[in-house]
Amino acid sequence: MSKLLVKPKGTSGRVSHVTPQSAGWTYVGFDLHRLKPGEIVSAETGKREVCLVFVTGTGSASAGGKELGALGGRKTPFDGKPWSVYVPEGSRWSVTAETDLELAVCSAPGLGGGLPARVIAPDALGQEVRGKGTNTRYVTNILPESEPADSLLVVEVITPGGHTSSYPPHKHDRDDLPRESYLEETYYHRLNPPQGFAFQRVYTDADRNGDRSLDEAIAIEDGDVVLVPKGYHPCAACHGYDLYYLNVMAGPKRTWKFYNAPEHEWLMKA
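Small disclaimer: the values here were computed from a predicted structure and weren't measured.

**Digging into the overall build of the chain**
Inference 1: For the chain, the helix and strand inventory stands at one helix and 25 strands.
Inference 2: On C-alpha atoms alone, the chain measures out to a radius of gyration of 18 Å, which is about the 18 Å that the 2.2 N^0.38 rule sets for 270 residues.
Inference 3: Split into buried and exposed, the 270 residues of the chain put 51% on the buried side.
Inference 4: Excluding contacts between residues fewer than 6 apart, the proportion of contacts in the chain whose partners are at least 24 apart in sequence is 74%.
Inference 5: For the chain, the accessible surface area stands at approximately 12,100 Å², while carbon and sulfur atoms represent 51% of it.
Inference 6: Positive and negative side-chain charges in the chain, numbering 29 and 33 respectively, have mean positions lying 2 Å apart.

Right under this line is the structure:
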């Protein structure tokens, strides 16, 4: 199995757990909790900031000393826009499940920004359609660089069956602004119907000898997490199965500047 693939462990509690230490990088963390009604998950952010994404279900939340009420409500991640909560460093948060709940905990270093905890409501989220033809996908910006945070960038994408996504292949693994930013990234994948599968390739440019330091082709199943430490990372959804993914990105500078694979850039003009 690819070292970049993180399979869910069990069906309840914290089923996915990615830390900078486990991933071998510096910035991004990701947890996925599946809770039954009445179950509680809570934590201190410490020196990190957090974005809680209510992937499915409803839960009562508190953060930064504020009671935020019941949030969420989606039956599936393919059903409308999510509720989310931003939690700054040095804060405590807690969520009590009111229904079966799937909660994503996205984290990255805090930088002392002094931001307050806040609810990110579905009505406040921007949506866009990217690509054309069988490269069309639907993007919901949960925590884009235009919204306040220290390090985190968080986005949801739905790719219809038979379509490609994160394509043409692009990368963001060099701190070379304004041309390219260095961002680590996780992909949390879901499929509809859930018995389907999709594919993701993570690969770097070939060197002078034609060798690639990284080249992994990964079969994705429902609930999988894929790590993208560097390189290009396109996805392909198989016919009949829509693909959802939740992206978490962070790096030394909070901006998304990517570099397209030159041999495939003609697709942008086709």
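Picking up after the structure, the text goes on.
**Structural notes on the pairing of strand S5 (residues 48-56)**
Inference 1: Of all the nine residues making up S5, eight are buried; the element is thus mostly covered by neighbouring parts of the structure.
Inference 2: Here five bridges tie S5 to strand S8 (residues 83-87), and the two strands are oriented antiparallel to one another. Among the inter-strand pairings, valine 53 is bridged to a residue of S8, identified as serine 84.

**Considerations on the packing of aromatic side chains**
Inference 1: Under the criterion given, the structure shown has seven aromatic pairs.
Inference 2: Ring centres of phenylalanine 78 and tyrosine 244 lie 6.1 Å apart, and the angle between their planes is 65 degrees; this geometry places the pair in the edge-to-face category. Separated by 166 residues along the polypeptide, phenylalanine 78 in the loop between strand S7 (66-72) and S8 and tyrosine 244 in strand S24 (residues 242-250) bring together distant segments of the chain.
Inference 3: Judged by its relative accessible area of 0%, tyrosine 244 is buried.

**Some words on the pairing of strand S14 (residues 153-159)**
Inference 1: Buried residues dominate S14, accounting for six of its seven residues.
Inference 2: Relative to S14, strand S13 (residues 137-143) is paired through five bridges, and the arrangement is antiparallel. Bridge pairing in S14 links threonine 140 to glutamate 156.
Inference 3: Both S14 and S24 contribute to a ladder of seven bridges, which runs antiparallel. Looking at the pairing, threonine 159 lines up with leucine 243 of S24.

**Comments concerning unusual backbone geometry**
Inference 1: Backbone torsion omega between tyrosine 167 and proline 168 reads 0 degrees, so that peptide bond is classified as cis.
Inference 2: With respect to the helices and strands, proline 168 occurs in the loop between strand S15 (164-165) and strand S16 (170-171).
Inference 3: Residues leucine 177 and proline 178 are joined by a peptide bond in cis, for which omega reads 10 degrees.
Inference 4: Inspection of the secondary structure puts proline 178 in the loop between strand S17 (173-176) and strand S18 (180-182).

What counts, and where the lines are drawn
Residues numbered from 1 in each chain as written. Predicted model: local features only at pLDDT ≥ 70, side-chain atom pairs only at ≥ 80, totals over all residues. Heavy atoms only, no water. Helix = DSSP H or I, 4+ residues; strand = E, 2+ residues; numbered from the N terminus. Rg over C-alpha atoms; globule rule 2.2 N^0.38 Å. Buried < 20%, exposed > 50% of the residue type's maximum accessible area, 1.4 Å probe, protein only. Contact = heavy atoms within 4.5 Å. Areas by Shrake-Rupley, 256 points an atom, 1.4 Å probe, with all protein chains shown as cover. Lys, Arg positive; Asp, Glu negative; His and termini not counted. Charge placed at Lys NZ, Arg CZ, Asp CG, Glu CD. Pairing = 2+ DSSP bridges. Phe/Tyr/Trp six-rings, centres within 6.5 Å; stacked < 30°, edge-to-face > 60°.

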